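Architecture and fold: a report
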Amino acid sequence: MDRTLPGTDRLPPRADTGVVGWLRSRLFSSPLNSILTILALWLLMLAIPALIDYLFVKPDFAATTAAQCRETGGYCWAFVREKHRLILFGIYPYDEQWRPLLASVILVGAIVCSCIRWFWKPFLGLLWVVALVAVGVLMWGGVLGLTYVENAKWGGLPLTLILSTFGIAFAFPFGLLLALGRRSHMPGVKAVCVVYIELIRGVPLVSLLFMSSVMLPLFLPEGFSIDKLLRAQIAIILFAAAYVAETVRGGLQAIPKGQYEGADSLGLGYWQQMRKIILPQALKIVIPPLVGIFISLFKDTSLVVIIGIFDLTQAAKAAVSDAVWRGFSTESYLFISVIYFIFCYSISRYSLSLERKLDQGQRR
Amino acid sequence: MSEPIIRLQNVNKWYGQFHVLKDLNLDVAPSERIVICGPSGSGKSTMIRCINRLEEHQEGKIIVDGTELTNDLKQIEAIRRDVGMVFQHFNLFPHMTVLENLTLGPVWVLKQPKAEAEATAMKYLERVRIPDQANKYPGQLSGGQQQRVAIARSLCMNPKIMLFDEPTSALDPEMVKEVLDVMVELAEETGMTMLCVTHEMGFARKVADRVIFMDHGEIIEENVPDAFFDNPQNERTKLFLSQILH
């Protein structure tokens, strides 16, 4: 009787809350769901103990040579101990490898700062200038008593970081302009953007890299050459920009016409509308696919191996080619996989938290 | 009649093959309040949307406050600064707070200092009776509140002319009155020129200087409210009024 009166709230039934309720509703809600749960548990039971055995139980941590590793089996930690500097820094002069290490730390630090809202102020630009100068000085040297290291000797993680940071930093604004251009009412601008986007998207990154390294020099005048690394960087930027453009276009199309009209009626000009009204909303919508592009760009930098640039993946390959440590490719690739994973997973988590932050208070 | 603030001369517009505005002629005096009604598809929204160039007319002349609407972007933006518009679906910016919605135009278009724009914004929020919602996002407000924010947003630009495009049609019935009250107040307390597309006949009787009835892209009949409602001349007007006044 009491229950039917307005204003008296009851708690939900017991079975729907707590651990039991959670288990029932999430894992065993239907026969199919129960089967899938059991199947997943079974797979985990197969995989996890085997992995622990391979990584920690079998290997002899005291082993220092390839022969000892082969004897015990399992993951060869000695290989990592021996080769991690080659994998991380490539053929950068061994005694100077603190420089790429510091450069990587500075670069990662600058990226992390850019991700924190508190830093979203004008001085972030200054911070980047300082960081990039520092990275340049450290990597090239030639000043402040540092020996000069030409960029053909750069390699490993710092190279991957540099290629992907600049790749994202330039591909994003360029892609944005392409997306706006593709929706432009000016036929010339629109045609150029459409042709560019469709051409680039119709070609694999590998072929772009080949073109930039093999074909481009043929068109350049005698004695004039662009650095190989720079050419690869430009190819990556041009490639990613086309994908950014198409993704952003999707976001732009999702903005209702009323938003444009509201902005029009206030007398805002085109660039003001884009900057204040349309892009903030459109970009928020496309954060997930955009981050997908950035993650794949980070991993795609490994394709520069085909034109002989010594990035992380190439360095892993080189480490295995040492005659003494032949046969430890699993160790090598697992090692760089973990590095790639840490970066990609961090980007992915950050995008989730960004989405949630931007969503606060403005759900429609 | 003094020099009209809005003048439409033989305005024609087509959507593809469809002739949506047919040879429209209309003069609006400064401070005049006009209510425009008519069946859906009669071109009434299109007409007022032509006045601030949300729609482009193909033939004829539209002169707003002495400036003719042409393709010149600078002129269009100048006219839009003087013409406020309230939409059926509010068109507030969902990623900005109410206060940010209100100060956007004044700060970026009129180049007012932020503090001044915020003071003006608060003044108009008082006027539409929701100053306590200033820091909320539009999505957190009811439809009626959102529409009042939209009205305040237009007022912040200090326009000479206000256009209302069915401002109460998308609202839940219990919220219509709060929006109409604000509009009545606006009409009574300021000398602003108002053009309002609406079917709220009580509102029309109360504030309109003139009621215009449109059908099939033409102005069929216009008159002062009492005569318009009590003694319509044209058959189509009679039919329309009998359908909405039940």
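Rules and cut-offs
Residues numbered from 1 in each chain as written. Chains lettered and ligands numbered in written order. Predicted model: local features only at pLDDT ≥ 70, side-chain atom pairs only at ≥ 80, totals over all residues. Heavy atoms only, no water. Helix = DSSP H or I, 4+ residues; strand = E, 2+ residues; numbered from the N terminus. Rg over C-alpha atoms; globule rule 2.2 N^0.38 Å. Buried < 20%, exposed > 50% of the residue type's maximum accessible area, 1.4 Å probe, protein only. Salt bridge = Lys/Arg side-chain N within 4 Å of Asp/Glu carboxyl O. Bend = angle between axes of the 7 residues up to and from the residue. Contact = heavy atoms within 4.5 Å. UniProt positions renumbered as here; feature names shortened; annotations may be inferred. Core = buried A, V, L, I, M, F, W, Y, C linked by side-chain atoms within 4.5 Å. Domains from an automatic or database assignment. Pairing = 2+ DSSP bridges. Axes fitted to C-alpha atoms, helices over the stretch in contact; angles between N-to-C directions. Phe/Tyr/Trp six-rings, centres within 6.5 Å; stacked < 30°, edge-to-face > 60°. Buried area = accessible area lost by both parts, 1.4 Å probe. Polar contact = N/O pair within 3.5 Å; in protein donor to acceptor, adjacent residues only side chain to side chain.

To continue, consider the overall build of chain A. The helix and strand tally for chain A stands at 15 helices and zero strands. Taking 364 residues into account, the globule formula puts the C-alpha radius of gyration at 21 Å, and chain A, at 26 Å, lies well above it. The principal-axis extent of the C-alpha atoms belonging to chain A is close to 85 × 60 × 40 Å. Looking at the 364 residues of chain A, the share that counts as buried comes to 40%.

The next thing to look at is the pattern of salt bridges. Residues and elements named next belong to chain A. For the structure on display, the rule yields 25 salt bridges over all chains. Where E198 meets R182, a salt bridge forms, and the shortest distance between an N and an O atom there is 3.2 Å. Taken together, the positions of E198 in helix α8 (residues 187-201) and R182 in helix α7 (residues 157-182) put the pair 16 residues apart, joining distant regions of the chain. Judged by its relative accessible area of 36%, E198 is partly exposed. Relative accessible area serves as the criterion here: at 14%, R182 is assigned to the buried category.

Maximal helix bending in helix α12 (residues 270-285) of chain A amounts to about 50°, located at I278 of chain A; proline P280 of chain A follows within four positions. All of the buried residues along α12 of chain A are Q272, Q273, M274, I277, I278, L279, Q281 and A282 of chain A. Turning to α12 of chain A, the residues buried within the fold contact α7, α10 (228-253) and α11 (257-265) of chain A together with α3 (98-108) of chain B.

Looking now at the UniProt feature "domain: ABC transporter" (unreviewed entry) in chain B. With numbering aligned to this structure, UniProt lists the feature "domain: ABC transporter" (unreviewed entry) at residues 6-241 of chain B. Annotated as residues 6-241 of chain B, this span is 40% helix and 25% strand, and its ends, taken at the C-alpha atoms, are 27 Å apart.

This brings us to the nonpolar core. Grouped together as the largest cluster of nonpolar side chains are 89 residues, with contacts concentrated most on F79, W154, L252, I277 and F335 of chain A. Among the elements that line this core, the one with the most residues is α10 of chain A, at 13 residues. Each of domain 2 (93-148) and domain 3 (157-359) of chain A gives at least three residues to this core. Setting aside its immediate chain neighbours within four residues, W154 of chain A contacts Y92, M139, W140, V149, L159, I162, L229 and F310 of chain A. A134, A204, F240 and L241 of chain B belong to the second-largest nonpolar core, a separate cluster that totals 48 residues.

Turning our attention to the sheet that holds strand β10 (residues 218-223) of chain B. Residues and elements named next belong to chain B. Read from one edge to the other, the open sheet built from six strands follows the order β6-β7-β8-β3-β9-β10, with strand pairing classed as mixed. Of all the strands in the sheet, just β6 (83-86) and β10 have a single pairing partner and so form its edges. Recorded for the sheet is a direction-independent mean angle of 20° between the axes of neighbouring strands. As paired elements, strand β3 (residues 33-37) and strand β8 (residues 193-197) share four bridges and run parallel to each other. The partner of I36 across the bridge, within β8, is V197.

Each aromatic ring pair is described using two quantities: the centre-to-centre distance and the angle formed by the ring planes. Residue and element names in this part refer to chain A. Summed over all chains, the structure comprises 16 aromatic pairs over all chains. The interplanar angle of 20° and the centroid separation of 6.3 Å between the aromatic rings of F56 and W77 together place this pair among those described as stacked. In this pair, F56 is assigned in helix α2 (residues 31-57) and W77 in helix α4 (residues 77-89), connecting sequence segments 21 residues apart. The class of F56 is partly exposed, set by a relative accessible area of 46%. Ring centres of Y270 and W271 lie 5.1 Å apart, and the angle between their planes is 85°; this geometry places the pair in the edge-to-face category.

Let's shift gears to the domain arrangement of chain A. Parsing chain A into structural domains produces domain 1 (19-57), domain 2 (93-148) and domain 3 (157-359). Relative placement of domain 1 of chain A and domain 2 of chain A: their C-alpha centres are 44 Å apart.

Next up on the list: the sheet that holds strand β5 (residues 67-68) of chain B. Residue and element names in this part refer to chain B. Reading across from one edge, β2-β1-β4-β5 is the order of the four strands in this open sheet, with antiparallel pairing throughout. The sheet terminates laterally at β2 (18-28) and β5, the two strands that pair on one side only. The pairing of strand β4 (residues 59-64) with β5 spans two bridges and is classified as antiparallel. Bridged to V64 within β5 is T67.

Here we take up the interface of chain A and chain B. At the junction of the two partners, chain A supplies 23 residues and chain B supplies 24 residues. Across the chain A to chain B interface the summed buried area is about 2,100 Å²; carbon plus sulfur atoms make up 60%. Inspection of the chain A/chain B interface yields two salt bridges. Across the salt bridge formed by R49 of chain B and E261 of chain A, the nearest N and O atoms sit 2.6 Å from each other. For the pair chain A and chain B, the interface holds seven residue pairs in polar contact (both at pLDDT 80 or more).

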